[in-house]
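Overview (structure and organization)
Each chain is listed here by its residues.
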Amino acid sequence: MTVSDPGTPEPRPVAPGASAVEQLRKEGNELFKCGDYEGALTAYTQALGLGATPQDQAILHRNRAACHLKLEDYDKAETEASKAIEKDGGDVKALYRRSQALEKLGRLDQAILDLQRCVSLEPKNKVFQEALRNIGGQIQEKVRYMSSTDAKVEQMFQILLDPQEKGTEKKQKASQNLVVLAREDAGAEKIFRSNGVQLLQRLLDTGEADLMLAALRTLVGICSEHQSRTVATLSVLGTRRMVSILGVENQAVSLAACHLLQVIFDALKEGVKKGFRGKEGAVIVDPARELKVLISNLLELLTEVGVSGQGRDNALTLLIKAVPRKSLKDPNNSLTLWVIDQGLKKILEVGGSVQEPPGELAVTANSRMSASVLLSKLFDDLKCDAERENFHRLCENYIKSWFEGQGLAGKLRAIQTVSCLLQGPCEAGNRALELSGVMESVMALCASEQEEEQLVAVEALIHAAGKAKRASFITANGVSLLKDLYKRSEKDSIRIRALVGLCKLGSAGGTDFSMKQFAEGSTLKLAKQCRKWLCNDQIDAGTRRWAVEGLAYLTFDADVKEEFVEDEAALKALFQLSRSEERSVLFAVASALVNCTNSYDCEEPDPKMVELAKYAKQHVPEQHPKDKPAFVRARVKKLLEAGVVSAMTCMVKTESPVLTSACRELLSRVFLALVDEVEDRGTVVAQGGGKALLPLALEGTDVGQTKAAQALAKLTITSNPEMTFPGERIYEVVRPLVSLLHLHCSGLQNFEALMALTNLAGISERLRQKILKEKAVPMIEGYMFEEHEMIRRAATECMCNLAMSKEVQDLFEAEGNDRLKLLVLYSGEEDELLRRAAAGGLAMLTSMRPSLCSRVPQVTTHWLEILQALLLSPNQELQHRGVVVALNMVEASKEIAGTLMESEVLEILSVLAKGKESPVRRAAAACLGKAVEYGLIKPNRDGE
């Protein structure tokens, strides 16, 4: 048996009365040839479920392996090929496919065994011989690399552990080289097998920041996406030791430890993606158990005395990322339930701690917000009322334990914890407010003479004011108290918080111009005072944050927006604060920017419904005159001039739990508003907006990702993508753009995505392959049938550019589809731009695939009329496309050339060949020359 193409599923002759298994296999083979690998996979799977014979099972598993190879799922490809080999040990195709999968997985030693078996079964097969030579070369190269790094690794550790080399340039270079080596899997494996983990432990034990950083960054390479090395590293270093490094005072070391622990979490949760699986099984004990031990140690760290505030924040960050489910479709939330039972009180203890004056636990300005985010994530991950009721009970019991019998200090701690809950899972916060005596204590402590007590109480009052259940109670009882504090307090820290409480209550009407909570002019006065505090750099960042909170509420009012964007000093102070260590200000900054740019969703009310509401004497929201488009555009210009893009780019880079999905969505909305006008897009790109949009388009809420993707599409349409997204970044743009093609997106989003993909598809084959890999082609084809002419045209243009790829050409060439017919028919449409796109695609396809030329006359009886119309078009571009199609058809077949020469095409080409020098004239002359060569026509006396 000779295998000419080991990568293609083998067809099997179907006898009369063939079984359903054979029919499904045949259907799968056809789908595979058309490039529909997932469809083929489904057909083969269905066939396996119909009681196939062992021989049929081997073929089906072998074919499934081919599909998985095409889909780049190499683990499954290896599994399917192995199943085929179990059924038939001499199945040479299955052996070859398994070798391909093993090679991609990096398991070269196993791949070469399969190839050697293939060659022994078919010694004359050149495909197998070439593959064996290639893989042998790879193994030799790897052996050379590993042997050359042996001495280097040993030398690096000698330098790093030599006390005589302390602080030298040699030592610094050795640490850098070690980190770089660990980034490559082969290098990480070499360090690991050279007793590297024990040596890295010695570096950690030195306590020197530089050496600890080098050790931690090297361990990241060793553990990255490798479960067995991760478990082995934990067993050597000890989970407790690893977690304790988070708590050191040095921020850089703490962050490096945080990064390492995140890599360890990923490796334990996701399993093996790299490395040699055959060598791993014996090392792995129980990753799930290791995961719980790691989380348990993080929870213990939260309440340990002596741990730095930064370390506590990093522990909270890790818990936020590691504990809740990534998707609510996953039914297993057992880890969340376990953390709530084991550690909820510890999280609440951090949330109830105060930064000033320092207490038992060291915390930062961001600690309480991080605790709130974690509590919110845990609460959102609960699935039923019983689980939520348990969460409420644990929170309420903890608050009562401090509120009752612990004196004034206990009451303050309890109120601070309630504030933390109100900022996180507000349902739990509302229930805590309703506990006996809590709200009354808040109101009483607002009048305290002690600043610390007032701060805690006023902040609780502010957070409670935003909750619907308490807003009416506070409006009735708290407004006069807040006004009194604002007017009489001598401390700015109290006055600014009281002001925010008033701002929050004053903005209850949102953007509705007809609903004013305060007297005329009061809102502007409050905003002016907020801006004054914001610009006062003598006040600490933690207090100035509250001024931004106030503006976030007050900027619902268009008059406030107008004054704010005119105040250059206030905008500068806002952007500086957004870059500061005070990360809890991010959401307020983003909210204020959303309000200033009017980038919130606002549907125009139906005029008939408005009239009906007026007739029924119902309230009808009114738009402020200064919220009309012209004013919004002017505000956007002011923000761009003030440097809003640079500030937002820094905000996106923030590695903090405070940058929640909701905060990301707000930033995406602002970016979309900033790129709305074409002339502003260059400014956005120049200030780093393109780079900042990529993470926003890939992570966050569905709405936020869609808004960011649309902003990316706008930038890609009107600017050079290679300059906007330099280097490898341009390939990251494809996935967000393809997401805009889904049916849940608006027509405008579909259109802009198609236009952007058209630009990308015209740049390089690698980009076209990326678009194909994201499975965009079926969606683009669907939009070629769209009723809206602009969407239909954009889809056709995109397909025209994609037609430069072999895979797309194969789709057009496959039997039994109307893709070619659609292009021919569109080349005769009235819409000139659609004709240009379709004719361009037709010219390219007939040039690259001459076999398609013979099918053009078969797809429609109007093909000749359409071609003649292109040749006679007054538009030079259309005419050029038409004459290229004619030339391709003439060169493809004498028969087709004869048909063309017998029609009016001959006369048209003769006229075009006598025109001015141009590509059209040259192509027309080439057509006639080929016809002369065929003997279909003769040149005239002048040789023309």
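This one's a predicted model, so the numbers in the text were calculated from it and none came from an experiment.

Parameters and conventions
- Along each chain, numbering runs from 1 in the same order as the chain's sequence is written.
- Two thresholds apply to this predicted model, a pLDDT of at least 70 for residue-level local features and 80 or more for giving and counting side-chain atom pairs, whereas whole-chain, interface and lining totals are computed over all residues.
- Neither water nor hydrogens contribute to the side-chain values; these are computed over all heavy atoms in the structure.
- Note on conventions: DSSP H or I runs of at least 4 residues are helices, E runs of at least 2 residues are strands, and numbering of each starts at the N terminus.
- Relative accessible area decides the class of each residue, using a 1.4 Å probe on protein chains only: under 20% of the type maximum gives buried, over 50% gives exposed, and in between gives partly exposed.
- Residue contacts follow a heavy-atom distance rule, with two residues in contact if any of their heavy atoms lie within 4.5 Å.
- Note that accessible areas follow from Shrake-Rupley with a 1.4 Å probe, and for residues the cover is restricted to the protein chains shown.
- Only buried Ala, Val, Leu, Ile, Met, Phe, Trp, Tyr and Cys residues count toward a nonpolar core, and they belong to the same one when joined by side-chain atoms within 4.5 Å.
- Note on definitions: angles span 0 to 180 degrees between N-to-C directions of axes, and those axes are lines fitted to C-alpha atoms, for helices only across the stretch in contact.
- Here the word oblique covers every angle except those under 35 degrees (roughly parallel), over 145 (roughly antiparallel) and from 65 to 115 (roughly perpendicular).
- Only Phe, Tyr and Trp rings are paired, with Trp represented by its six-membered ring, and only when their centres lie within 6.5 Å; those with planes under 30 degrees apart are stacked, over 60 edge-to-face, the remainder tilted.
- Salt bridges are defined as contacts in which a side-chain nitrogen from Lys or Arg sits within 4 Å of a carboxyl oxygen from Asp or Glu.
- Take the far helix as the reference: if the near one is turned anticlockwise from it by less than a right angle, the crossing is left-handed, and if turned clockwise, right-handed.
- Classification used: nonpolar for Ala, Val, Leu, Ile, Met, Phe, Trp, Tyr, Cys and Pro, charged for Asp, Glu, Lys and Arg, polar for all others including Gly.
- N or O atoms closer than or at 3.5 Å make up a polar contact, with two conditions inside protein: a donor-capable atom paired with an acceptor-capable one, and, for residues adjacent in sequence, both atoms drawn from side chains.
- For every residue, the pLDDT score states the predictor's confidence, bounded by 0 at the bottom and 100 at the top.

Across its full length, the protein holds 54 helices and zero strands. Going through the 944 residues of the protein one by one, you find that 53% of them count as buried. Taking the contacts inside the protein whose residues are at least 6 apart along the sequence as the reference set, 69% of them involve residues at least 24 apart. Entry remark: accessible area of the protein is about 43400 Å², with carbon and sulfur atoms responsible for 50%.

Glancing now at the nonpolar core. A general feature of soluble globular proteins is that nonpolar side chains tend to end up buried together. In this structure, Ile-295, Leu-674 and Leu-900 are the most contacted members of the largest nonpolar core, which totals 256 residues. Take this core: its biggest share by element is 10 residues, from helix H14 (residues 251–270). Sequence-distant contacts of Ile-295, defined by excluding residues within four places in its chain, comprise Phe-265, Leu-319, Val-323, Leu-335, Trp-338 and Val-339. Core analysis: the next-biggest nonpolar cluster, separate from the first, contains 16 residues, Ala-94, Cys-118, Phe-128 and Ala-131 among them.

Now for the packing of helix H19 (residues 385–403) against helix H20 (residues 407–423). Contact geometry of H19 with H20 gives a least axis separation of 7 Å together with a crossing angle of 155°. On the basis of the axis angle, H19 is roughly antiparallel to H20. For the pair H19 and H20, contact is made by Cys-395, Tyr-398, Ile-399, Trp-402 and Phe-403 and by Gly-410, Lys-411, Arg-413, Ala-414, Thr-417, Val-418 and Leu-421, respectively.

Our focus in this paragraph is unusual backbone geometry. In this structure, Glu-72 is a non-glycine residue whose phi angle is positive, near 65°. Mapped onto the fold, Glu-72 is located in the loop between helix H3 (54–70) and helix H4 (74–87).

With the rule as written, the count across this model stands at three aromatic pairs. Their ring planes at 65° and their centres at 5.1 Å tell us that Phe-32 and Tyr-37 sit as a pair that is edge-to-face. Look at Phe-32 and you get buried, because its relative accessible area is 5%. Seen from their ring centres, Tyr-96 and Phe-128 are 5.2 Å apart, and the 40° between their planes marks the pair as tilted. Of this pair, Tyr-96 sits in helix H5 (residues 92–104) while Phe-128 sits in helix H7 (residues 126–161), and the two are 32 residues apart along the sequence.

Our focus in this paragraph is the pattern of salt bridges. A side chain with one charge may pair with a side chain of the opposite charge, provided their charged atoms come close. Within this structure, the stated rule accounts for 46 salt bridges. With a shortest N-O distance of 3.0 Å, Arg-64 and Glu-80 are connected by a salt bridge. With Arg-64 in helix H3 and Glu-80 in helix H4, this pair connects stretches of sequence that are 16 residues apart. With a relative accessible area of 12%, Arg-64 lands in the buried category. The shortest N-O distance in the salt bridge between Glu-917 and Arg-922 comes to 2.5 Å. Beyond isolated ion pairs, a larger network of salt bridges with shared partners links Lys-561, Glu-562, Asp-627 and Arg-635.

Right, let's talk about the environment of Asp-492 for a bit. By the element assignment, Asp-492 lies in helix H26 (residues 492–506). Taking the C-alpha atoms as reference, Asp-492 lies 8.7 Å from Trp-533; in sequence the two are 41 residues apart. Aside from chain neighbours lying at most four places away, what touches Asp-492 is Trp-533 and Ile-539.

With their axes 10 Å apart at the nearest point, H3 and H5 run at an angle of 25° to one another. Classified by the interaxial angle, the pair formed by H3 and H5 is roughly parallel. Once H3 is placed against H5, the crossing between them reads as left-handed. Packed against H3, whose contacting residues are Arg-62, Asn-63, Ala-65, Ala-66 and Leu-69, the element H5 presents Lys-93, Ala-94, Arg-97, Gln-100 and Ala-101 at the interface. Here the residues of the contact of H3 with H5 sort into five nonpolar, two polar and three charged.

Considering the arrangement of structural elements, one finds Ser-419 in helix H20. Owing to a relative accessible area of 0%, Ser-419 belongs among the buried residues under this scheme. Apart from the residues within four sequence positions on either side, Ser-419 is in contact with Arg-368, Glu-459, Ala-460 and His-463.

Turning next to the side chain of Asp-381. On the secondary structure map, Asp-381 appears in the loop between helix H18 (367–380) and H19. Side-chain polar atoms of Asp-381 contact the side chain of Thr-336, separated by 2.4 Å. Excluding its chain neighbours within four sequence positions, the residues that come into contact with Asp-381 are Pro-324, Arg-325, Leu-328, Asn-333 and Thr-336.

We now examine the confidence of the model for the protein. Counting all residues, the mean pLDDT for the protein is 83, and 88% of those residues have values of 70 or more. Considering each helix and strand of the protein separately, the mean pLDDT is smallest for helix H24 (residues 468–477), with a value of 55, and largest for helix H41 (residues 734–739), with 94. Per-residue pLDDT stays below 50 along residues 1–6; that stretch engages in 15 contacts with residues further than four places along the chain or on separate chains. Counting contacts from residues 509–517, a segment whose pLDDT is below 50, to residues more than four positions away or on other chains yields 21 contacts.

Moving on: helix H37 (residues 689–698). Buried residues dominate H37, accounting for seven of its 10 residues. Phi turns positive one or two residues past the end of H37, at Gly-700, with a value near 130°.

With respect to the secondary-structure elements, Leu-672 resides in helix H35 (residues 661–674). The spatial distance from the C-alpha of Leu-672 to the C-alpha of Ser-599 is 7.8 Å, given a sequence separation of 73 residues. Beyond its immediate stretch of four places on either side in the chain, Leu-672 contacts Lys-707, Gln-710, Ala-711 and Lys-714.

Once that is clear, we can look at the environment of Lys-170. Residue position: Lys-170 is located in helix H8 (residues 169–183). Considered as a pair, Lys-170 and Met-156 are 14 residues apart in the sequence and their alpha carbons are 9.5 Å apart.

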